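Per-entry structural report
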Amino acid sequence: MDHYTARKRNEYMEQEEDWDRDLLLDPAWEKQQRKTFTAWCNSHLRKAGTQIENIEEDFRNGLKLMLLLEVISGERLPRPDKGKMRFHKIANVNKALDFIASKGVKLVSIGAEEIVDGNLKMTLGMIWTIILRFAIQDISVEETSAKEGLLLWCQRKTAPYRNVNVQNFHTSWKDGLALCALIHRHRPDLIDYAKLRKDDPIGNLNTAFEVAEKYLDIPKMLDAEDIVNTPKPDEKAIMTYVSCFYHAFAGAEQAETAANRICKVLAVNQENEKLMEEYEKLASELLEWIRRTVPWLENRVGEPSMSAMQRKLEDFRDYRRLHKPPRVQEKCQLEINFNTLQTKLRLSHRPAFMPSEGKLVSDIANAWRGLEQAEKGYEDWLLSEIRRLQRLQHLAEKFQQKASLHEAWTRGRWPSLHAGKEEMLSQRDYETASLQEVRALLRRHEAFESDLAAHQDRVEHIAALAQELNELDYHEAASVNSRCQAICDQWDNLGTLTQKRRDALERMEKLLETIDQLQLEFARRAAPFNNWLDGAVEDLQDVWLVHSVEETQSLVTAHDQFKATLPEADRERGAILGIQGEIQKICQTYGLRPSSTNPYIALTPQDINTKWDMVRKLVPSRDQMLQEELTRQQVNERLRRQFAAQANAIGPWIQGKVEEVGRLAAGMAGSLEEQMAGLRQQEQNIINYKSNIDRLEGDHQLLQESLVFDNKHTVYSMEHIRVGWEQLLTSIARTINEVENQVLTRDAKGLSQEQLNEFRASFNHFDRKRNGMMEPDDFRACLISMGYDLVGVLQLCPRGEVEFARIMTMVDPNAAGVVTFQAFIDFMTRETAETDTAEQVVASFKILAGDKNYITAEELRRELPAEQAEYCIRRMAPYKGAGAPAGALDYVAFSSALYGESDL
């Protein structure tokens with residue numbers, strides 16, 4: 001009997017014995033106790049050839065009382081005093097009471113004088129104490145007290161029977177069905193339970209009393225009428241009578257004990273199988289999700305437009321923010337479940353769980369690493385593609401603008417003709433012109449050549465832009481190439497035509513004598529000024545691509561410098577227009593017919609004024625655009641700083657917490673419950689910090705929506721923060737799981753907190769790297785320090801090395817080259833756990849099977865709870881031995897399979 005059971009029984013005995021001696025017995029109860037206790041005493045005294053008639057009279061001299069104790073204990077009491085005087089009787093009764101006390105029974109307020117005087121209440125109390133000690137005390141089911149154990153035994157035996165619900169030792173027995181059910185459960189041949197009626201309590205009780213007395217050697221201790229007519233029958237009388245049934249059927253309890261052991265083993269196996277199925281399901285779902293996700297991340301087919309690529313980026317952000325985090329939790333939970341399952345299997349001496357092919361924890365880790373590699377590559381590709389499209393869009397816009405300006409220039413009208421520049425260069429107007437007109441045509445041609453030379457850079461720039469768009473794989477490259485080729489072909493033709501016209505004009509120049517110097521001067525100054533105006537208009541309309549406030553400020557500064565040149569340009573414009581005024585003045589002075597056109601240049605003062613007005617309008621427009629760009633870049637800079645401020649706080653916090661959790665895991669102090677409470681508090685603090693990560697995600701999204709991908713204010717990217725956060729969550733979860741497994745180990749193997757502290761201190765001392773793992777040499781040194789000894793382990797000899805290698809396979813089954821704290825504890829406590837073995841389970845089944853080598857489904861259903869009986873029936877293979885009936889089952893092979901062993 002273990003200490004716990006003894007303590008519980010003693011508590012019950014003290015509670016039962018400490019009864020109120022001043023409380024008068026209920027007359028009905030007194031009658032029931034007198035009859036029951038008398039019958040119980042006689043059932044034992046008859047073995048000595050005697051009996052009692054009157055319970056308070058026949059025990060007064062102490063002789064039959066001593067005889068009763070000798071019969072029920074099997075021991076000899078001191079010789080009784082033979083005298084008949086009162087002091088002789090008191091001495092004999094005291095010898096009986098001393099014997100009772102020597103059995104650990106505390107007698108409260110029961111004295112020999114009261115028994116000798118025939119005190120009925122005290123005599124009944126004494127007999128009840130004897131019944132408790134010798135008939136009931138040793139009854140214990142599942143480490144309960146005697147009374148509770150007897151009640152639990154009755155409940156289990158009568159559970160399958162209709163109209164029976166045993167809750168106590170008084171009213172639950174009034175209809176007699178519970179007594180009949182007890183008899184039928186063990187001897188179904190004695191009572192036809194199906195014919196009993198709940199409305200016939202007298203008949204049921206008398207049936208039970210008669211059958212028990214006739215076939216079970218249990219004397220009739222109760223009257224059916226007394227039980228039925230008493231609102232609450234006497235509990236002690238009922239318990240006394242029912243205990244006789246327990247002892248009568250004691251032989252059958254061996255089968256119940258065997259059934260309990262089998263149920264316990266099956267429950268452990270079912271729970272482990274459930275955990276295995278859950279692991280397989282979680283692993284399959286996670287691997288399937290990774291299998292579906294990786295091809296999506298590896299699809300690097302770009303989109304032709306910026307909007308389409310931004311949609312891809314938004315899809316990726318949704319994946320990182322919404323779809324991946326739950327999978328991170330699933331992966332962490334999967335590892336925790338795997339570790340917990342392996343711990344439970346080790347503690348119950350089951351073989352380690354080996355997942356299906358491809359579903360090992362290492363397989364999942366490898367798949368996860370592949371996923372993260374694909375993630376990183378996909379994100380880098382996305383950002384690179386967006387930058388490329390940004391650049392392409394900028395170049396395409398610039399190309400279109402430059403090409404349009406050039407095409408507009410080539411289509412420009414010659415003042416005297418309705419023709420473009422190619423048509424103008426192809427004219428032969430000089431053939432009928434005067435000398436002055438020819439010279440004018442020549443000067444005009446010179447001005448055109450100057451204009452043509454000024455546009456050479458633009459054409460080269462257009463060709464360079466087209467080349468760059470081709471190199472960057474622009475999706476409308478064919479259209480760009482076609483337009484660029486047309487411009488280049490036209491430019492080559494213009495060059496050829498220009499040279500031909502110059503040759504013709506130079507030949508005609510020899511025939512020309514006069515030239516209007518003022519018009520020439522106008523043409524000489526107006527042409528470059530016009531080019532400057534064209535350049536200014538082009539620059540004011542030029543598009544830009546900047547990424548910072550500094551780059552934008554540089555554009556603003558350049559624009560301010562340009563505006564500073566406008567006063568001087570305005571003075572030049574006035575001077576050029578003054579030349580035209582001087583021409584008109586001379587014509588008026590000398591009565592010359594003023595020419596409506598300048599023979600040297602097609603540009604008119606109106607053209608200059610028009611372009612000047614355009615420049616004046618474009619200046620404030622560009623001012624506004626630059627200011628808007630500066631504002632946008634300032635907003636982006638604020639977003640960068642806002643993100644950096646949070647990231648610079650969150651990054652170190654996460655790193656600090658990771659290190660703190662690592663220190664906690666390596667150097668935990670206090671009880672496991674205190675450690676668990678501390679870790680749970682840490683976990684809650686980390687969970688509470690999640691809102692900061694969410695805010696940072698929001699700022700990161702704003703940056704990406706603004707197409708901001710660099711940040712000089714912080715070394716922490718959102719990816720760094722995410723990885724650190726996932727590492728922190730995994731670290732705290734794993735540390736909590738390690739402590740939970742230590743609790744399982746401690747409880748299963750009965751370790752004290754001091755033993756755990758000693759194991760932890762030794763482990764930490766030899767954990768050189770402070771990473772929660774010992775290397776083999778450190779493990780060997782740790783064993784030496786703890787005084788551990790196995791043959792040859794501590795000697796550097798071949799035999800010792802072989803033995804140490806065998807130990808390493810126990811603590812490092814995966815050959816990782818390290819010993820974890822959980823494996824260390826399992827090894828150091830491997831001999832302490834009280835676990836069932838396959839041999840014990842086989843022996844238990846053999847009892848249920850009536851010593852046969854097989855068992856039937858009917859026997860399993862009768863002896864085991866329904867769920868576990870069906871579990872065995874489904875899993876047991878048919879028995880193949882000779883002489884077995886159809887449907888016989890092989891419990892030996894089944895028991896071996898539970899422990900991963902070959903057939904016993």
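These notes cover the structure that comes with them.

How each quantity is defined
- Once a new chain begins, its residue numbering starts again from 1 and follows that chain's sequence as written.
- Where local features are concerned, this predicted model is filtered to residues with pLDDT of at least 70; where side-chain atom pairs are given and counted, the filter is 80 or more; whole-chain, interface and lining totals use all residues.
- Values reported for side chains reflect all heavy atoms of the structure, with hydrogen atoms and water molecules removed beforehand.
- Starting at the N terminus, helices and strands are each numbered in turn, a helix being any DSSP run of H or I of at least four residues and a strand any DSSP run of E of at least two.
- Any residue under 20% of the maximum accessible area for its type is buried, any over 50% is exposed, and the rest in between are partly exposed; the area is computed with a 1.4 Å probe on protein chains only.
- Note on definitions: a residue-residue contact is assigned when non-hydrogen atoms from the two residues lie within 4.5 Å.
- In these tables, accessible area is a Shrake-Rupley quantity obtained with a 1.4 Å probe, and a residue counts as shielded only by the protein chains included in the view.
- Between Lys or Arg on one side and Asp or Glu on the other, a salt bridge is scored when a side-chain nitrogen of the former is within 4 Å of a carboxyl oxygen of the latter.
- Take the buried residues of types Ala, Val, Leu, Ile, Met, Phe, Trp, Tyr and Cys, join any two whose side-chain atoms come within 4.5 Å, and each joined set is a nonpolar core.
- Only rings of Phe, Tyr and Trp enter the pairing, Trp through its six-membered ring, and a pair is recorded when the two centres are within 6.5 Å. The plane angle decides the type: under 30 degrees is stacked, over 60 is edge-to-face, the rest tilted.
- For a ring to carry a charge above it, either NZ of a lysine or CZ of an arginine must fall within 6 Å of the ring centroid while also lying within 35 degrees of the normal to the ring plane.
- For every element, the axis is a line fit to its C-alpha atoms; helices are fit only across the contacting stretch, and the angle between N-to-C directions ranges from 0 to 180 degrees.
- Angles below 35 degrees are treated as roughly parallel, those above 145 as roughly antiparallel, those between 65 and 115 as roughly perpendicular, and all remaining angles as oblique.
- The residue classification treats Ala, Val, Leu, Ile, Met, Phe, Trp, Tyr, Cys and Pro as nonpolar and Asp, Glu, Lys and Arg as charged. All others, Gly included, are polar.
- Any pair of N or O atoms that falls within 3.5 Å is considered a polar contact. Within protein, one atom must be able to donate a hydrogen and the other to accept it, and sequence-neighbouring residues count only if both atoms are side-chain atoms.
- What makes a crossing left-handed is the near helix being turned counterclockwise from the far one by less than a right angle; a clockwise turn instead makes it right-handed.

**Structural notes on the overall build of the chain**
Across its full length, the chain holds 34 helices and four strands. Within the span of the chain, comprising 904 residues, buried residues form 48% of the whole. The contacts of the chain with a sequence gap of at least 6 include a subset with a gap of at least 24, amounting to 75%. Summed over all atoms, the accessible surface of the chain reaches about 45000 Å², with 51% contributed by carbon and sulfur.

**Description of the side chain of Asp767**
Looking at the element boundaries, Asp767 is found in the loop between helix H27 (753-766) and strand S1 (773-774). Discounting residues that sit within four places of it in the chain, Asp767 has contacts with Gly772, Met773 and Met774.

**Overview of the pattern of salt bridges**
Applying the stated criterion to the full structure yields 58 salt bridges. Two residues, Glu285 and Lys281, come together in a salt bridge whose shortest N-O distance is 2.7 Å. Here the residue Glu285 and the residue Lys281 both occupy positions in helix H13 (residues 253-298), the gap between them amounting to four residues, near one helical turn. Residues joined in a network through salt bridges with shared partners are Arg320, Lys324, Glu372, Glu375, Glu697, Glu719, Arg722 and Glu726.

**Side note on helix H9 (residues 177-186)**
Within H9, eight of the ten residues are buried, leaving the element largely enclosed by the surrounding structure. Listed as buried for H9 are Leu177, Ala178, Leu179, Cys180, Ala181, Leu182, Ile183 and His186.

**With respect to the nonpolar core**
In this structure, Trp173 and Phe245 are the most contacted members of the largest nonpolar core, which totals 78 residues. The biggest single contributor to this core is helix H7 (residues 120-136), with eleven residues. Once you skip the residues sitting within four places of it in the chain, Trp173 turns out to touch Cys154, Val166, Asn168, Ala178, Leu179, Leu182, Leu205, Ile227, Ile238 and Val242. With 45 residues, the next largest nonpolar core counts Met306, Leu334, Ile364 and Leu389 among its residues.

**As for the packing of aromatic side chains**
The description of an aromatic ring pair rests on the distance of the ring centres and on the angle between the ring planes. Inspection of the entire model under this criterion finds 31 aromatic pairs. Ring geometry for Tyr378 and Trp381: centres 5.7 Å apart, planes at 35°, overall tilted. Taken together, the residues span about one helical turn, with Tyr378 and Trp381 both in helix H15 (residues 361-410) at a distance of three residues. For Tyr378, a relative accessible area of 2% translates into the label buried. Overall, the relative accessible area of 15% leaves Trp381 in the buried class. Every member of this aromatic cluster is reached through a ring pair, and the members are Trp289, Trp296, Phe316, Tyr319, Trp368, Tyr378 and Trp381. For Arg133, the ring lying beneath its charged end belongs to Phe134, and the centroid distance is 5.1 Å. Over the face of the ring belonging to Phe804 we find Arg780, whose NZ or CZ atom lies 4.1 Å from the ring centre.

**Quick word on the environment of Leu345**
Mapped onto the secondary structure, Leu345 falls in helix H14 (residues 306-347). A residue is classified by how much of its surface remains accessible, and Leu345, at 1% relative accessible area, is buried. Along the backbone, Leu345 and Asn272 are 73 residues apart, and their C-alpha atoms lie at a distance of 7.4 Å. Residues in contact with Leu345, not counting those within four places in the same chain, are Asn272, Met276, Arg350, Pro351, Ala352 and Phe353.

**Observations regarding the packing of helix H8 (residues 146-158) against H9**
In contact at an axis separation of 9 Å, H8 and H9 are set at 70° when each is read in the N-to-C sense. The orientation of H8 relative to H9 falls into the category roughly perpendicular. Contacts from Trp153, Cys154, Arg156, Lys157 and Thr158 in H8 reach Ala178, Ala181, Leu182, Arg185 and His186 in H9. When its residues are assigned to classes, the contact of H8 with H9 shows five nonpolar, two polar and three charged.

**Description of the side chain of Asp175**
By the secondary structure assignment, Asp175 is in the loop between H8 and H9. According to the relative accessible area criterion, Asp175 is buried, its value standing at 14%. A polar atom in the side chain of Asp175 sits 2.7 Å from the side chain of Lys198. Dropping the residues within four chain positions of it, Asp175 is found in contact with Asn163, Lys198, Asp200, Pro201 and Asn204.

**Notes on unusual backbone geometry**
Positive phi, normally seen in glycine, also occurs at Asn163, with a value near 65°. Counting through the fold element by element, Asn163 comes out in the loop between H8 and H9. In this structure Asn163 comes out as partly exposed when scored by relative accessible area, which is 41%. One non-glycine residue, Asp217, lies in the positive phi region at around 60°. By secondary structure assignment, the location of Asp217 is in the loop between helix H10 (201-215) and helix H11 (224-229).

**A closer look at the packing of helix H24 (residues 672-688) against helix H26 (residues 718-749)**
Packed helix pairs are characterised by how far apart their axes lie and by the angle those axes make with each other. Look at H24 against H26: their axes get within 10 Å of each other, and the N-to-C directions meet at 160°. Classified by the angle their axes make, H24 and H26 are roughly antiparallel. Regarding H24 and H26, the two cross each other, and that crossing is left-handed. Contact with H24, carried on its side by Leu672, Glu673, Gln675, Met676, Leu679, Arg680, Gln682, Glu683 and Ile686, involves Trp725, Leu728, Leu729, Ile732, Thr735, Ile736, Val739, Glu740, Gln742, Val743 and Arg746 of H26 and no other residues of that element. A class-by-class count of the residues in the contact of H24 with H26 yields eleven nonpolar, four polar and five charged.

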